[in-house]
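Given next are the chains, with one letter for each unit.
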Number of protein chains: 2
Amino acid sequence: MEAKSNRSMYMKLLPVEDARALWFERLHDLRQSLPPESVPLKKALGRTAAEPIAALRSSPAFHGAAMDGIAVRAEATFQASPRRPLELAIDKDAFWINTGSPLPEGTNAVIIVEKLERREDKGVVVISNAAFPWQNVRKLGEDMVATEIILSPGTVIGPAEMGAMAAAGVMYPKVYKKPRVAILPTGSEIAPLDTVSETELASGTKIPEFNSLIFSAQIELAGGEAETLPIVPDDPNRIMEALEAAARANFDLIIVNAGSSAGNRDYTEDAVLALGEVFCHGIAVMPGKPTLLGRIDRLPVVGAPGYPVSANVAMQEFVLPWLCSLQSRTMEQGATVMASPCNPLPSKPGMEERVRVKLGLVNGRFRAVPLPRGAGVVSSLSRADGILSIPASSEGIDAGVDVPVRLLRPRRQIEDALLAVGSHDNALDLIDSFLRRRHPRFRLTSAHVGSLGGLISLAAGQSHLAGSHLLDEETGLYNRKAIAEKLAESPCVLVHLAQREQGFMVKPGNPLDIRGVEDLTREDLRFVNRQRGSGTRVLLDYQLKLAGINPSQIAGYQDEEFTHMAVAAAVLSGRADTGLGIRASANALGLTFIPLGPEEYDLVIPSQYMHDERILALMDVISSTDFRRAVDSMGGYGTEQTGQILWEFNG
Amino acid sequence: MEAKSNRSMYMKLLPVEDARALWFERLHDLRQSLPPESVPLKKALGRTAAEPIAALRSSPAFHGAAMDGIAVRAEATFQASPRRPLELAIDKDAFWINTGSPLPEGTNAVIIVEKLERREDKGVVVISNAAFPWQNVRKLGEDMVATEIILSPGTVIGPAEMGAMAAAGVMYPKVYKKPRVAILPTGSEIAPLDTVSETELASGTKIPEFNSLIFSAQIELAGGEAETLPIVPDDPNRIMEALEAAARANFDLIIVNAGSSAGNRDYTEDAVLALGEVFCHGIAVMPGKPTLLGRIDRLPVVGAPGYPVSANVAMQEFVLPWLCSLQSRTMEQGATVMASPCNPLPSKPGMEERVRVKLGLVNGRFRAVPLPRGAGVVSSLSRADGILSIPASSEGIDAGVDVPVRLLRPRRQIEDALLAVGSHDNALDLIDSFLRRRHPRFRLTSAHVGSLGGLISLAAGQSHLAGSHLLDEETGLYNRKAIAEKLAESPCVLVHLAQREQGFMVKPGNPLDIRGVEDLTREDLRFVNRQRGSGTRVLLDYQLKLAGINPSQIAGYQDEEFTHMAVAAAVLSGRADTGLGIRASANALGLTFIPLGPEEYDLVIPSQYMHDERILALMDVISSTDFRRAVDSMGGYGTEQTGQILWEFNG
């Protein structure tokens, strides 16, 4: 495998805003290119009005009763008063009428039944007050009048709009034809998602293609329809052929996926240049830098990077805004809130950087916990609550400074979430699952910084609770000493979540015959550690001390991972021979587990939140039998005391 | 038509919150009744995860290159330094590698191509810096580790969630079966929407049924699927039969529409009582009062009022929350902002009242203009930007007082809208249509209070602009004098929108031979007027004065309407013989128009907004040829000066 010598370098990097302005400018002649079509009203949900939609009839179509009662001519009641009640002859001066029925000829008011005295025997009703004209009457056209514009073009048709059109007699509204988008995945190693075997996946000989799935869903939600073309290998002629065919097929846009980085197999730029024009290749934003914008005849072309998080920028900034513009639609974007990151976020000046974050509203202030920044971390797309942007002019953002964050979920959902920052345990994810079922309004969002990091976050008011399993070597008790040290001024409550077993995870069958902490110094053995401040690290260091082992004797002691699962993955992949972690993680990846002993995993909750309805919901969940049962079923847990308050710390 | 004597009266009215608590409490045993089903990943968009969805594989599935370059064993590079560069033999110590490819056996770091010196002739590359382990490497499981929970139950599957599941190898996610809802329209006069002729519509002999269309769309958006049953007439036995059949058909909920008011043909309560139980009939909220909640065996029953705005409360407060709860979904609700109504909103104490409003962000403060409160005004559902709630404890809300308003659109959309309060003209609706096409971010929302009301609103800082056509009797000029009077301290700009023709609208063919203002005093003739403060009223009063006519001589002078179209509708329906209005309105309803003369219709815009990007977009629209052409085509307009600034008032 050798790199070509003529690697194409990016054209000058354009800031996102400039690139989008250029994109819209160069496509200006195509702005009104989407034709309208008529659809039956029943099929119009989610479609977009293509022209001003006017009422074809007036509603109501007649003067009708707005209440049950009698219809009268108001002028004939003017002399009625409490002192001089007036008799009205039924079916002559007064007519029984139901809500919604048309007023009889000659009447212009309705008197409600409660204000009548009924003398059925005499064939009359008696009123004690005059009616004024048009009282309790829904007048013709009160709702809408024929020819009035009821929907502007670009309106996305929802339930209310369907009702308005039905009332207006618009049975075949004109909506925009759905813009058609071709998705062209390229890459010799890329294969359709469902054709890649586990072996091919593990060896990397084939890479499953799933960006098209994400793109298609985004396009559908923006009112378009996507067609994924067959995957094209890294062959400039094949890419050109596919582009030419798409240009002939009247698509409204094509996305060429991958092949647009400056890597050694980037043929997209050459292909687009050969057939049309490239407006820009390279945007000053991370992730998303390798995006290409161009056009072949009447076909706009977006070269989207291969990594899903990078590709998302190409979608959000260029593909979706263009599709919305074609339909005169406003692109739906989350609100922006001010939030402060929990740790400093360094960034390279000259490039805007976008960091996905989890958010929590803690003590009236939004706190942001950054998710992994890798362009390939697709789970960061689904886990994120918001996107924090670090401007190109900046070298990064300090912890605790409020910066704008664009929300990816309704603000209310974020306000109703509990933010747990601290040690990770699978039981935390289960709490969220149970919350959603038992208290759908609430959720638990968690960020993993280890036990000590969690207590520091709590002390700084950056989170609602922390998972912690910090052993005090002197007392053998968990968490109490660390809480007293780190949360000196802040009363809090220690709630037991579970007992869990810690031990060494080793390859299936334990081929190296690892039996305990003493084996870690063996020369044939490579260890993988947890980060400083994690409870597991504290436990390891305690055990090493007991055994009189110096960390420098252990190969891999410096190699740190942030979660149990990451340690398990390192052992599974062969990167390390063993690491310390909980039984559940070993079980999860089919590793053998050498127990070291039980430990206590607790939740630390500031006392001030113990009456917060979100915490009450959490306490309800962890006290439930269903939850205990689910934790037990993961293996390696003890739940005898789950949900109990172990200790109250008064600061 | 006669009322039955045994009118059922409402049971004790429950506040909305209490009614919903009761509803959820009585349905508690059904909460987990929705079974899961597996769907192919490609069909999962918009579905709701039914259980915690765990990763079936780790991603990445191997250690791979995160950049293009060479893969090396980091430990073998430790001695490299700028002073002592190190040669690495290609395909022995260093391996060319592309982004995404798996690391060759024995390597654990990638050095990017830009940091290499290439000596292809010697078969080596030269490095001047050590690589550290795992640099530029995407580690196995970095994104997700097998068994990790990637989605909690209740998560609505969007594009990002589809990507996460694809990466996790979840090809058949378990989602909730869609809850099935039966809609049972009742009422002898009700007929399917597309079967009602214009004659039946105009005579009220048949009422088109379209609530089921609105309900179905709402149910679909909440993840359910609706089935509309055949319409059942007002016959207690037929309603019971339909309910029994639905209870047997395993629906998850039934909505009985109409027949639930306390009117004389309300059989729903009796039918539900005969087959099951009624939890509550009558909610202390307007509109929405006649809502009924009950249950037949395992079938929850909602009796929704017949009027669409009332029915909407039954949907939003009971049907949709229950459907969301069945799916562990959070019900999406708009944000709440503080907004102040432009006019006082009186309300009956003891009942919560919900008023739909248009909103504008004027000078940093949200202003609310109430829409018509009628329960039958279906257009108020689609026109509303938000819902203002007047608490049961209150007698109403004063103008200018900030109260909470729940948004029905994204906040951003409202912030980007121009709020026009003043005289109405169809050309205003056209401005909105053109804005959406040319500047999709912006919109124009308008409320109609007449010219003078508009200037007063502007002076109070309640709107961004006002349409106005106020004639000064002395100078013959429009708007200038009124502006100087009403906007004494506020500089503003007068922008011409159009010349338009005012005249008398009369029945087609002018059967009463109306020729001018002198005819209005005729005894055989009934007039319909515009409200005080409207430009049309000023014009009429001016003409009456010129002709020496006293308003008391005119039958119907006191009968006021708020828009040209409403006056036209009154003439069309026969409620009046003539009224003053613009030609476009007469044309719209096919009335004959007797011209009185041209008048000037202008926009009044405070100078401070003239550089606001929304106003710039509006100016761009009204200066365009397309816009003029569209106004001309309505008939009765002159557009020679459209878009010109006529006058600047410096306060």
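Before any of the text, the structure's been laid out above.
Residues numbered from 1 in each chain as written. Chains lettered and ligands numbered in written order. Predicted model: local features only at pLDDT ≥ 70, side-chain atom pairs only at ≥ 80, totals over all residues. Heavy atoms only, no water.

Participant: Which parts of the structure should I look at to understand the overall build of chain A?
Facilitator: Regarding its fold elements, chain A presents 17 helices and 38 strands. Seen along its three principal axes, the alpha-carbon backbone of chain A occupies a region of about 110 × 70 × 45 Å. By the burial criterion, 59% of the 651 residues in chain A qualify as buried. Restricting the contact set of chain A to residue pairs at least 6 apart, pairs at least 24 apart contribute 77%. Carbon and sulfur atoms form 50% of the exposed surface of chain A, whose accessible area is close to 25100 Å². Averaging the coordinates of the 66 positive side-chain charges in chain A and doing the same for the 78 negative ones gives two points 4 Å apart. (Helix = DSSP H or I, 4+ residues; strand = E, 2+ residues; numbered from the N terminus. Buried < 20%, exposed > 50% of the residue type's maximum accessible area, 1.4 Å probe, protein only. Contact = heavy atoms within 4.5 Å. Areas by Shrake-Rupley, 256 points an atom, 1.4 Å probe, with all protein chains shown as cover. Lys, Arg positive; Asp, Glu negative; His and termini not counted. Charge placed at Lys NZ, Arg CZ, Asp CG, Glu CD.)

Participant: Before we go on, may I ask you to explain the interface of chain B and chain A in this structure?
Facilitator: How big an interface is tends to be reported as the loss of accessible area on association of its parts. Each side of the interface is counted separately: chain B has 105 residues, and chain A has 106 residues. Together chain B and chain A conceal approximately 9600 Å² of surface at their shared face, both sides included; 57% is due to carbon and sulfur atoms. At the junction of chain B and chain A, the tally comes to six salt bridges. Between Glu198 of chain A and Arg57 of chain B there is a salt bridge whose closest N-O contact spans 3.3 Å. Seen at the junction of chain B and chain A, the total is 28 residue pairs in polar contact (both at pLDDT 80 or more). Take the side of chain B that touches chain A: its biggest share by element is eight residues, from helix 2 (residues 159-167) of chain B. The residue makeup of the side of chain B that touches chain A, split by class, is 49 nonpolar, 24 polar and 32 charged. (Buried area = accessible area lost by both parts, 1.4 Å probe. Salt bridge = Lys/Arg side-chain N within 4 Å of Asp/Glu carboxyl O. Polar contact = N/O pair within 3.5 Å; in protein donor to acceptor, adjacent residues only side chain to side chain. Nonpolar A, V, L, I, M, F, W, Y, C, P; charged D, E, K, R; others polar.)

Participant: I'm lost on the side chain of Thr155 of chain A in this one. Help?
Facilitator: Within the secondary structure layout, Thr155 of chain A lies in the loop between strand 11 (149-151) and helix 2 (159-167). Under the relative-accessibility criterion, Thr155 of chain A is labelled buried at 11%. Only 3.2 Å separates the side chain of Thr155 of chain A from the side chain of Arg436 of chain B, close enough to count as a polar contact. In this structure, Thr155 of chain A is in contact with Arg47, Thr48, Ala49 and Glu161 of chain A together with Arg436 of chain B, ignoring residues within four places of it in sequence.

Participant: Looking at this structure, how should I read the layout of surface pockets?
Facilitator: It is the rolling of a water-molecule-sized probe over the atoms that shows where space remains empty. In this structure, the second largest pocket encloses a volume near 1200 Å³. Glu17, Arg20 and Gln333 of chain A together with Arg412 and Arg441 of chain B are the residues nearest the centre of the second largest pocket, which is lined by 39 residues in total. Looking at the lining of the second largest pocket, the elements that each hand over two or more residues are helix 1 (16-26), helix 7 (308-326), strand 24 (352-362), strand 26 (386-390) and strand 28 (403-407) of chain A together with helix 9 (411-415) of chain B. Partitioning the lining of the second largest pocket into residue classes produces 15 nonpolar, ten polar and 14 charged. There are two domains that each give the lining of the second largest pocket at least three residues, and those are domain 1 (16-33 + 178-326) and domain 4 (334-409) of chain A. (1 Å grid on protein atoms, 1.4 Å probe; cavity = no way out; pocket = protein on both sides within 12 Å on 5 of 7 lines; lining within 4 Å. Points joined across faces, edges and corners; volume = space filled by probe spheres on them. Domains from an automatic or database assignment.)

Participant: Would you mind showing me how to read the sheet that holds strand 18 (residues 277-281) of chain A here?
Facilitator: Pairing between sheet strands relies on hydrogen bonds along the backbone, with the strands arranged either parallel or antiparallel. All names here are of chain A. The six strands are arranged 16-13-17-21-20-18 in an open sheet whose pairing can be described as mixed. Two strands in the sheet have a free side with no partner beyond their single neighbour: strand 16 (225-228) and strand 18. Direction aside, neighbouring strands of the sheet carry axes that sit 20 degrees apart on average. Taken together, the four bridges between strand 18 and strand 20 (residues 292-296) define a ladder with antiparallel strand orientation. Bridge assignment links Cys280 to a residue of strand 20, and that residue is Leu293. Each of strand 17 (253-257), strand 18, strand 20 and strand 21 (299-304) is contacted by helix 1, which is oriented at about 165 degrees to strand 18, the strand it contacts most. (Pairing = 2+ DSSP bridges. Axes fitted to C-alpha atoms, helices over the stretch in contact; angles between N-to-C directions.)

Participant: Can you help me understand the sheet that holds strand 6 (residues 95-97) of chain A in this one?
Facilitator: Residue and element names in this part refer to chain A. Strand order in this open sheet of three strands is 6-4-7, and the pairing throughout is antiparallel. If you trace the sheet from one side to the other, it starts and ends with strand 6 and strand 7 (109-112), each paired once. The average undirected angle you get between the axes of adjacent strands in this sheet is 40 degrees. Here strand 4 (residues 69-72) pairs with strand 6 via three bridges, running antiparallel. Across the sheet, the residue bridging to Gly69 is Ile97, located in strand 6.

Participant: In this structure, what is going on with the pairing of strand 5 (residues 86-89) of chain A? I would like to understand it.
Facilitator: Side chains on a regular strand alternate between the two faces of the sheet. Residue and element names in this part refer to chain A. Side chains of strand 5 alternate between two faces, with Leu86 and Leu88 buried and Glu87 and Ala89 left unburied. Pairing analysis gives four bridges linking strand 5 to strand 9 (residues 124-127), with the strands arranged antiparallel. Each bridged residue has a counterpart across the sheet, and for Leu86 the counterpart in strand 9 is Ile127.

Participant: Hey, could you run me through the packing of helix 1 of chain A against helix 7 of chain A in this one?
Facilitator: A pair of packed helices is characterised by two quantities: the angle between their axes and the separation of those axes. Residue and element names in this part refer to chain A. Contact geometry of helix 1 with helix 7 gives a least axis separation of 11 Å together with a crossing angle of 40 degrees. One finds that helix 1 runs oblique with respect to helix 7. Judged by the twist between their axes, the crossing of helix 1 over helix 7 is right-handed. Taken together, the residues of helix 7 that come into contact with helix 1 (itself represented by Val16, Ala19, Arg20, Trp23 and Phe24) are Glu317, Phe318, Pro321, Trp322 and Ser325. Considered class by class, the residues forming the contact of helix 1 with helix 7 number seven nonpolar, one polar and two charged. (Parallel < 35°, antiparallel > 145°, perpendicular 65-115°, else oblique. Left-handed = near helix turned anticlockwise from the far one by under 90°.)

Participant: Whenever I open this one, the relation of the copies chain B and chain A confuses me. Can you help?
Facilitator: Here the second copy of the chain follows from the first by a rotation about an axis and a shift along it. The transformation that overlays chain B on chain A combines an axial shift of 0.0 Å with a rotation of 180 degrees, and the residual RMSD is 0.0 Å. What the superposition gives is, in effect, a two-fold axis relating one chain to the other. A shared interface surface links the copies, since 99% of the contact residues of chain B are contact residues in chain A too. (Least-squares fit on C-alpha atoms with pLDDT ≥ 70 in both.)

Participant: Just to check I follow, could you spell out the packing of aromatic side chains for this structure?
Facilitator: For any pair of aromatic rings, geometry is given as the distance between the ring centres together with the angle between the planes. Tallied over the full model, the rule gives eight aromatic pairs over all chains. Between the aromatic rings of Phe434 of chain B and Phe627 of chain B, the centroid separation amounts to 5.5 Å while the plane-to-plane angle is 90 degrees, which identifies the pairing as edge-to-face. Taken together, the positions of Phe434 of chain B in helix 10 (residues 426-438) and Phe627 of chain B in helix 17 (residues 625-632) put the pair 193 residues apart, joining distant regions of the chain. When its relative accessible area of 0% is taken as the criterion, Phe627 of chain B is described as buried. The positively charged end of Arg575 of chain B is found above the aromatic ring belonging to Trp134 of chain A, 4.6 Å away from the centroid. (Phe/Tyr/Trp six-rings, centres within 6.5 Å; stacked < 30°, edge-to-face > 60°. Lys NZ or Arg CZ within 6 Å of the ring centre and 35° of its normal.)

Participant: Got a minute to help me understand helix 5 (residues 236-248) of chain B in this structure?
Facilitator: Residues and elements named next belong to chain B. Across its 13 residues, helix 5 extends 19 Å between first and last C-alpha, which sits within 8% of the 18 Å expected from 1.5 Å per residue. Inspection of helix 5 places Ile239, Ala242, Leu243 and Ala246 among the buried residues, and these make up the whole buried set. Mapping the buried residues of helix 5 onto a view down its axis gives an arc of 100 degrees, with all of them on the same face. Turned more than 90 degrees from where helix 5 packs its buried face, Asn237 and Arg248 sit exposed. Summarising the contacts, the buried residues of helix 5 are in contact with strand 13 (180-185), strand 17 (253-257), helix 6 (268-275), strand 20 (292-296) and strand 21 (299-304). Looking one or two residues beyond helix 5, the residue adopting positive phi is Asn250, at roughly 60 degrees. (Expected span 1.5 Å × (residues − 1). Arc of directions from axis to C-beta.)

Participant: Which parts of the structure should I look at to understand the side chain of Asp252 of chain A?
Facilitator: By the element assignment, Asp252 of chain A lies in the loop between helix 5 (236-248) and strand 17. In contact with Asp252 of chain A, other than residues within four places in its own chain, are Leu34, Lys177, Lys178, Pro179, Arg180, Leu299, Pro300, Trp322 and Leu326 of chain A.

Participant: So what exactly am I meant to see when it comes to the nonpolar core here?
Facilitator: The tendency in soluble globular proteins is for nonpolar side chains to be buried as a group. Residues and elements named next belong to chain B. Ile431, Leu444, Leu603, Ile605, Leu618, Ile622 and Phe627 are the most contacted members of the largest nonpolar core, which totals 39 residues. When residues of this core are assigned to domains, at least three fall in each of domain 4 (334-409) and domain 5 (456-649). Sequence-distant contacts of Leu444, that is, excluding residues within four places in its chain, are made with Leu418, Ala420, Leu428, Ile431, Asp432, Leu435, Leu465 and Leu618. (Core = buried A, V, L, I, M, F, W, Y, C linked by side-chain atoms within 4.5 Å.)

Participant: Help me understand helix 11 (residues 450-459) of chain B in this model?
Facilitator: The periodicity of an α-helix, 3.6 residues per turn, causes residues three or four places apart in sequence to face the same way. Residues and elements named next belong to chain B. Buried within helix 11 are the following residues: Gly450, Ser451, Gly454, Leu455, Ser457 and Leu458. If you follow the buried residues of helix 11, they end up packed against strand 29 (417-422), strand 30 (443-448), strand 31 (466-468), helix 12 (480-486), helix 13 (535-547) and strand 36 (592-606). Once helix 11 ends, the next one or two residues include Gly461, with phi positive near 70 degrees.

Participant: Help me out: how do you make sense of unusual backbone geometry in this one?
Facilitator: The phi torsion of most residues other than glycine is negative, and most of the peptide bonds are trans. Note that the residue after Ser59 of chain B, namely Pro60 of chain B, is joined by a cis bond; omega there is -5 degrees. Following Met286 of chain B, the chain continues to Pro287 of chain B via a peptide bond in cis, the omega torsion being -15 degrees. The phi dihedral of Thr147 of chain A falls on the positive side, at around 80 degrees, and the residue is not glycine. Locating Thr147 of chain A in the fold gives a position in the loop between strand 10 (137-138) and strand 11.

Participant: When you look at the packing of helix 5 of chain A against helix 6 (residues 268-275) of chain A in this model, what are you seeing that I'm missing?
Facilitator: Residue and element names in this part refer to chain A. Direction vectors running N to C along helix 5 and helix 6 enclose 50 degrees, while the axes themselves pass 9 Å from each other. Taken together, the axes of helix 5 and helix 6 lie oblique to each other. Classified by chirality, the crossing of helix 6 by helix 5 is right-handed. Between helix 5 and helix 6, the contacting residues are Ile239, Met240, Leu243 and Glu244 on the first element and Ala271, Val272, Ala274 and Leu275 on the second. Across the contact of helix 5 with helix 6, the residue classes tally to seven nonpolar, no polar and one charged.

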